[in-house]
Amino acid sequence: MDGSFSPPPASAWFVVLPDTDAAAGLGARARAHASREVAHPSGRPWILGHWAQDALTVGDCGDARVAVLGEHLVTAEEAARAAAAARDSLASLDRFAAAWPGGFHLLASAAGRVRIQGGVVGIRRVFHAGAGPVTVAGDRADVVAELAGRSMDERRLAVHLLTLSLLHPLSGQPVWEGVERLPGDHWLCLPPEGGTRRFRRWTAPEPSVPLAEGAEALAEALTTAVDVRTRGRSLVTADLGGLDSTAICCAAARGTARVVAYTAETHDPLGDDAHWARRTVAALGNVEHHLVPAERIPLTYDGLDTFDDRLDAPCLMAVDHRRRMSLLELAAHRGSTLHLTGMGGDELLMGCAAHLHTMVRTHPRTALRSLRGFTAKYGWSRREVLRQLLDRRDYPSWLKGVGQDLLRPQPREREPLLEWCVPPRLPPWTTPDAVHAVRERILAEAATVEPLAAGRGHGTHRELATMDLTSRFARHVDQMAAPLGVACEAPYYDDRVVETCLAVRPQDRITPFRYKPLIVEAMRGIVPEESRTRATKANAGMEAELGLRRHRERLLALFEDSRLERLGLIDASALRRWCDLPVSAELGSELLQPTVACEVWLRSRENATASSRPAS
């Protein structure tokens, strides 16, 4: 095993070790870089890493100890009560986790056994790997891999070349050989005899709650999620753009913390975020607002040649990192240590039309009316709508089809959204070896995979898969913000908020005739009436198109000595030729950006390794 271990400086991270003497060596290596440590009741090393002092609460009862790490309101007394229950059974912690609001990792050590879990959709993730006779777990895949002495697996990296992928379970898998991700709806057990065991802790709720009842529940869950993060702080910053971030900002403004909101203008003349933000701030009267002109915000693809953030996986946010970080840099300069975003709102509140695949049989009249509305609104092909509705393949069979079709042309921009997910594709510059590796992994998973929320149909699966993907983006934005001293938080991804939204009847939550009815109803009395019923949404599509034009030369230079080509995954010459062709801005970005993300990620890892070597 490689003895080197150097977690990213300034970033939050932790590792968890089993309660055995065999873990002492790993504990010593982690301790050399950790700023904090919590021991097992036995005195052996348990949790080591780097985190904010007020992020951790620990409770003890005899030979049991419970730790809650993240954004939460759990007191030491509550944690001690949970520890008392854990003495009898680690599974008893399910009821505590289900009652506590916020976003956190829950860890327990009792009678030599260890429990660890994160969040349902992946802001707080858990990874684990074997290191000889010991299993190490943690919240960053790269830290776990390095501590366990695991190397990068080029075949796993090749999966990240797929177009925007909701491809459960592959899209969230780590790129290191032998490092596995714990599904968000499970908890992980590290027994003293070694190895791991997984236990289900969460199941998607039955979607049976009417809109009015669901809106009341969402108002409580979302305001509580925001309050968990703002309570006790003197100042927080927040995005103020679309309806989702507006709800978060307004919920924060109800607390005692000073709220400073930022709205980014875009080059799109139809973008109206600034207009609605001004109306919201004027009505609230207690929010400090900064409107940032589009000319002051970097475009997509800016700064690719200087990207040096240490993310634990390739991520599309790297392609847009200068743009994303520009507002967070302003927040840090203003003195904020916590920034609230509306990420996750689209997937929960707009929902997914794939629910109609099931509803056409259970509620045919409502489903057909909605299908006609979506078809007219988005210009869907009626023939393609019918084809997708008649496709009754289960998820494993559908996944096998994806594996066979990796090089087919991309689906159209206005493709119906009724399948398990949009079938991902590999770009035309992918090498045959890489195509074979991706296909092999997909077909291997298809042999045993089950859909997310089995029995809930295409819609709930697709919503959970989408949230899993976008929550990965959110956690990587948080990793990029860490050197600024700012934690970037997305309350929509909290377990309680997720399950509250998923419990609402899809025919009430998902409709072409109203814009996000669930949040509109939930925010009565919280978001000013001037803004609550807004039915528009700006996007940054023009920023990506302008960025591609302005930074094309730098983009092409990035692949002059491509690390992906060195690994045999792409043909860089073919990619550069493709970049000279006229392509659709949206579909072209879907093909190009995953490759760019993988390339800059490899370079950032390479630079980090070089900088950590001692000078000769």
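Note that the structure is a prediction, hence the values are computed from the model and not measured.

Bringing the overall build of the protein into the picture now. Scanning the protein from terminus to terminus reveals 25 helices and 17 strands. Its C-alpha atoms give the protein a radius of gyration of 24 Å, within 12% of the compact-globule value 25 Å for 616 residues. Based on the C-alpha atoms only, the size of the protein along its principal axes is roughly 65 × 55 × 50 Å. Counting the 616 residues in the protein, one finds 59% classified as buried. Of the accessible surface of the protein, which amounts to about 24600 Å², a share of 50% is contributed by carbon and sulfur atoms. For the protein, the distance from the average site of its 75 positive side-chain charges to the average site of its 77 negative ones is 3 Å.

Throughout the structure, instances matching the rule amount to 48 salt bridges. Across the pair Asp468 and Arg181 runs a salt bridge whose closest N-O atoms are separated by 2.6 Å. Of the two residues, Asp468 sits in helix 16 (residues 457-481) while Arg181 sits in strand 10 (residues 180-181), which places them 287 residues apart along the sequence. Connected via shared salt-bridge partners are Arg124, Arg229, Glu489 and Asp494.

Attention now goes to the sheet that holds strand 13 (residues 235-239). The strand order across the open sheet formed by five strands is 15-14-13-16-17, and the pairing between neighbours is parallel. A single partner strand is all that each edge strand has here, and the edge strands are strand 15 (287-292) and strand 17 (487-489). On average, adjacent strands in this sheet sit at an angle of 25° to one another, irrespective of strand direction. Judged from the six bridges that link them, strand 14 (residues 258-264) and strand 15 form a sheet pairing that is parallel. Residue pairing across strands places Val259 opposite Val287, the latter belonging to strand 15. Lying over the sheet, helix 9 (residues 321-334) contacts strand 13, strand 14, strand 15 and strand 16 (338-340), oriented at roughly 155° with respect to strand 14.

Our focus in this paragraph is the environment of Phe104. The residue Phe104 is located in strand 6 (residues 103-110) in this model. With relative accessibility at 8%, the residue Phe104 sits in the buried group. Sequence-wise, Phe104 and Ile123 are 19 residues apart; in three dimensions their C-alpha atoms are separated by 8.9 Å. Not counting residues within four places of it along the chain, the set of residues in contact with Phe104 comprises Val68, Leu69, Gly70, Glu71, His72, Ala97, Gln117, Gly118, Gly119 and Arg124.

Let's shift gears to the packing of aromatic side chains. The description of an aromatic ring pair rests on the distance of the ring centres and on the angle between the ring planes. Overall, the coordinates contain eleven aromatic pairs when judged by the stated rule. Judged by centre distance (5.9 Å) and plane angle (80°), the rings of Phe5 and Trp13 are edge-to-face. Relative accessible area serves as the criterion here: at 7%, Phe5 is assigned to the buried category. For Trp13, a relative accessible area of 2% corresponds to the buried category. Ring plane angle 70° and centroid distance 5.4 Å describe the contact between Tyr395 and Trp420, whose orientation is recorded as edge-to-face. Highlighted residues: Tyr395 in helix 14 (residues 395-404) and Trp420 in the loop between helix 14 and helix 15 (432-446), separated in sequence by 25 residues. Side by side, Tyr395 and Trp420 carry an identical accessibility label, which is buried.

Let us look at the environment of Ala574. Here Ala574 shows up in helix 24 (residues 572-579). For the pair Ala574 and Thr470, spaced 104 residues apart in the sequence, the C-alpha separation amounts to 29 Å.

Turning to its location among the elements, Arg534 is positioned in the loop between helix 20 (529-532) and helix 21 (541-550). A relative accessible area of 3% places Arg534 in the buried class. In this structure the side chain of Arg534 is engaged in a polar contact, spanning 3.1 Å, whose partner is the side chain of Asp272. Of note is the side chain of Arg534, whose polar atom sits 2.5 Å from the side chain of Asp273. Residue contacts for Arg534: discarding those within four places in its chain leaves Gly241, Gly242, Leu243, Asp272, Asp273, Trp276 and Tyr515.

This next bit is on unusual backbone geometry. Each neighbour pair has its own omega, and for His168 with Pro169 the value is 0°, a cis peptide bond. Relative to the assigned elements, Pro169 resides in the loop between helix 5 (154-159) and strand 10. The phi dihedral of Tyr301 falls on the positive side, at around 75°, and the residue is not glycine. Looking at the element boundaries, Tyr301 is found in the loop between strand 15 and helix 9. Located in the positive-phi region is Lys516, a residue other than glycine, with phi close to 45°. Locating Lys516 in the fold gives a position in the loop between helix 18 (506-509) and helix 19 (517-522). Lys516 gets classed as buried once you look at its relative accessible area, which sits at 3%.

Checked against the element boundaries, Arg475 lands in helix 16. When near neighbours in sequence (up to four residues on either side) are disregarded, Arg475 contacts Gly122, Ile123, Arg125, Phe127, Asp139, Arg140 and Asp312.

Strand order in the open sheet formed by six strands is 4-5-6-7-11-12, and the pairing between neighbours is antiparallel. The sheet is open, and its two edges are formed by strand 4 (56-61) and strand 12 (197-200), each paired on a single side. Sheet twist, expressed as the average angle between the axes of neighbouring strands with direction ignored, equals 20°. Here strand 6 runs beside strand 7 (residues 113-117); their pairing, made up of five bridges, is antiparallel. Note that in strand 7 the partner of Leu107 across the bridge is Ile116.

A few words on the packing of helix 9 against helix 16. A pair of packed helices can be characterised by two numbers: the angle between their axes and the separation between those axes. Contact geometry of helix 9 with helix 16 gives a least axis separation of 10 Å together with a crossing angle of 65°. In the crossing of helix 9 with helix 16, the sense of the turn from one axis to the other is right-handed. Of helix 16, the residues touching helix 9 (which contributes His321, Met325 and Leu328) are Val477, Met480 and Ala481.

Our next topic: the pairing of strand 12. Sheet faces and side chains relate simply in a regular strand, where the side chains alternate between the two faces. As defined by bridge partners, strand 11 (residues 186-190) adjoins strand 12 across four bridges and the pair is classed as antiparallel. Bridged to Trp187 within strand 12 is Phe199. In textbook terms, the turn of a hairpin is the stretch between consecutive antiparallel strands, and for strand 11 and strand 12 this stretch comprises six residues, one of which, Gly194, has a positive phi near 105°.

As a further point, take the environment of Val226. Tracing the backbone shows Val226 in helix 6 (residues 211-230). Note on Val226: relative accessible area 0%, which makes it buried. Not counting chain neighbours up to four residues away, the residues in contact with Val226 comprise Ile248, Ala251, Ala252, Leu340 and Pro491.

Reading the values: rules and limits
- Residues numbered from 1 in each chain as written.
- Predicted model: local features only at pLDDT ≥ 70, side-chain atom pairs only at ≥ 80, totals over all residues.
- Heavy atoms only, no water.
- Helix = DSSP H or I, 4+ residues; strand = E, 2+ residues; numbered from the N terminus.
- Rg over C-alpha atoms; globule rule 2.2 N^0.38 Å.
- Buried < 20%, exposed > 50% of the residue type's maximum accessible area, 1.4 Å probe, protein only.
- Areas by Shrake-Rupley, 256 points an atom, 1.4 Å probe, with all protein chains shown as cover.
- Lys, Arg positive; Asp, Glu negative; His and termini not counted.
- Charge placed at Lys NZ, Arg CZ, Asp CG, Glu CD.
- Salt bridge = Lys/Arg side-chain N within 4 Å of Asp/Glu carboxyl O.
- Pairing = 2+ DSSP bridges.
- Axes fitted to C-alpha atoms, helices over the stretch in contact; angles between N-to-C directions.
- Contact = heavy atoms within 4.5 Å.
- Phe/Tyr/Trp six-rings, centres within 6.5 Å; stacked < 30°, edge-to-face > 60°.
- Polar contact = N/O pair within 3.5 Å; in protein donor to acceptor, adjacent residues only side chain to side chain.
- Left-handed = near helix turned anticlockwise from the far one by under 90°.

Note that all results are geometric; they support no functional claim without further evidence.
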